[in-house]
Amino acid sequence: MAVDSPKYTDWQQILDLLQQASVEQRDQLLFKVLLTHDEREALIARVNIVHELLNGERSQRKISELLGVGVATITRGSNELKHQDDATKAWLADFLAKNSPSAAE
C-alpha cells in the first residue's frame, strides 16, 4: 500500500519542470501560476540584487535605496553569493550582463 506523500519532493524536480515548461514555451505561464505577484516582484529584486552585488559599483546601502528593499535583503543575497566559487560568480555576472534588457539595446 502506497503512503501518501507529495509528488515533488526535491529542488531538482522543480528545475526539471521549469526546464520542460521552457522547452514547451510555457515557462511564463508556469511561473505565473506558481508565484504570486509579490513573489515575482521579489524574484525580480533578487536578480537585481545579485547583478548589483556582482557588479560591485554600489554599496549594499546604495543597492537597498536603488531597489527599495531592506539592507537585510541585500545581505542575504550577498551571503548566498559567498557560497559560490569564483568561476560561478564570473559566469553569473557575465550571464546577467549579457541577458539584461539594456544589453539588447
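If you're wondering where the values come from, they're calculated on a predicted model, not measured in any experiment.

Draft legend 1. The overall build of the protein, seen in detail. Within the protein one finds 6 helices and 0 strands. Listed N to C, the secondary structure of the protein is α-α-α-α-α-α in terms of helices and strands. Since a compact globule built from 105 residues should have a radius of gyration of about 13 Å, the 17 Å found for the protein marks it as more spread out than a globular shape. Based on the C-alpha atoms only, the size of the protein along its principal axes is roughly 55 × 35 × 30 Å. Contacts spanning at least 24 positions in sequence make up 37% of the contacts within the protein whose residues lie at least 6 apart. Accessible surface, the protein: about 8,400 Å² in total, of which carbon and sulfur atoms supply 54%.

Draft legend 2. Representation of the pattern of salt bridges. For the coordinates displayed, the defined rule picks out 4 salt bridges. In this structure, Arg58 engages Glu52 in a salt bridge whose closest nitrogen and oxygen atoms are separated by 2.8 Å. Glu52 gets classed as buried once you look at its relative accessible area, which sits at 8%. A salt bridge links Glu65 to Arg61; the nearest nitrogen and oxygen atoms lie 2.8 Å apart. Here Glu65 pairs with Arg61, and both are found in helix 4 (residues 60–67), just 4 residues apart, close to one helical turn. Judged by relative accessible area, which is 47%, Arg61 ranks as partly exposed. Here the salt bridges share partners, and the residues they tie into one network are Arg61, Lys62 and Glu65.

Draft legend 3. Highlighting the nonpolar core. Of all hydrophobic cores here, the largest spans 10 residues; its members are Ala45, Ile49, Val50, Leu53, Ile63, Val69, Ile74, Leu81, Leu92 and Leu96. Elements supplying a minimum of two residues to this core: helix 3 (37–55), helix 5 (71–82) and helix 6 (86–98). Contact partners of Ile63, with chain neighbours within four places excluded, come to Glu52, Leu53, Arg58 and Ile74.

Draft legend 4. View of unusual backbone geometry. Despite not being glycine, Gln25 shows a phi value in the positive range, around 55°. Tracing the chain through its elements places Gln25 in the loop between helix 1 (11–23) and helix 2 (27–34).

Draft legend 5. Local environment of the side chain of Glu52. Following the sequence through the fold, Glu52 ends up in helix 3. Reaching out from Glu52, the side chain makes a polar contact with the side chain of Arg58 at a distance of 2.8 Å. What Glu52 contacts, discounting residues up to four positions off in sequence, is Glu57, Arg58, Ile63 and Leu66.

Draft legend 6. Structural view of the packing of helix 3 against helix 4. Relative to each other, helix 3 and helix 4 sit at 145°, their axes nearing to 11 Å. Viewed along their axes, helix 3 and helix 4 form a crossing whose handedness is right-handed. For the pair helix 3 and helix 4, the contacting residues are Ala45, Asn48, Ile49, Glu52 and Leu53 in the first and Gln60, Ile63, Leu66 and Leu67 in the second. Tallied by class, residues from the contact of helix 3 with helix 4 come to 6 nonpolar, 2 polar and 1 charged.

Rules and cut-offs
- Residues numbered from 1 in each chain as written.
- Predicted model: local features only at pLDDT ≥ 70, side-chain atom pairs only at ≥ 80, totals over all residues.
- Heavy atoms only, no water.
- Helix = DSSP H or I, 4+ residues; strand = E, 2+ residues; numbered from the N terminus.
- Rg over C-alpha atoms; globule rule 2.2 N^0.38 Å.
- Contact = heavy atoms within 4.5 Å.
- Areas by Shrake-Rupley, 256 points an atom, 1.4 Å probe, with all protein chains shown as cover.
- Salt bridge = Lys/Arg side-chain N within 4 Å of Asp/Glu carboxyl O.
- Buried < 20%, exposed > 50% of the residue type's maximum accessible area, 1.4 Å probe, protein only.
- Core = buried A, V, L, I, M, F, W, Y, C linked by side-chain atoms within 4.5 Å.
- Polar contact = N/O pair within 3.5 Å; in protein donor to acceptor, adjacent residues only side chain to side chain.
- Axes fitted to C-alpha atoms, helices over the stretch in contact; angles between N-to-C directions.
- Left-handed = near helix turned anticlockwise from the far one by under 90°.
- Nonpolar A, V, L, I, M, F, W, Y, C, P; charged D, E, K, R; others polar.

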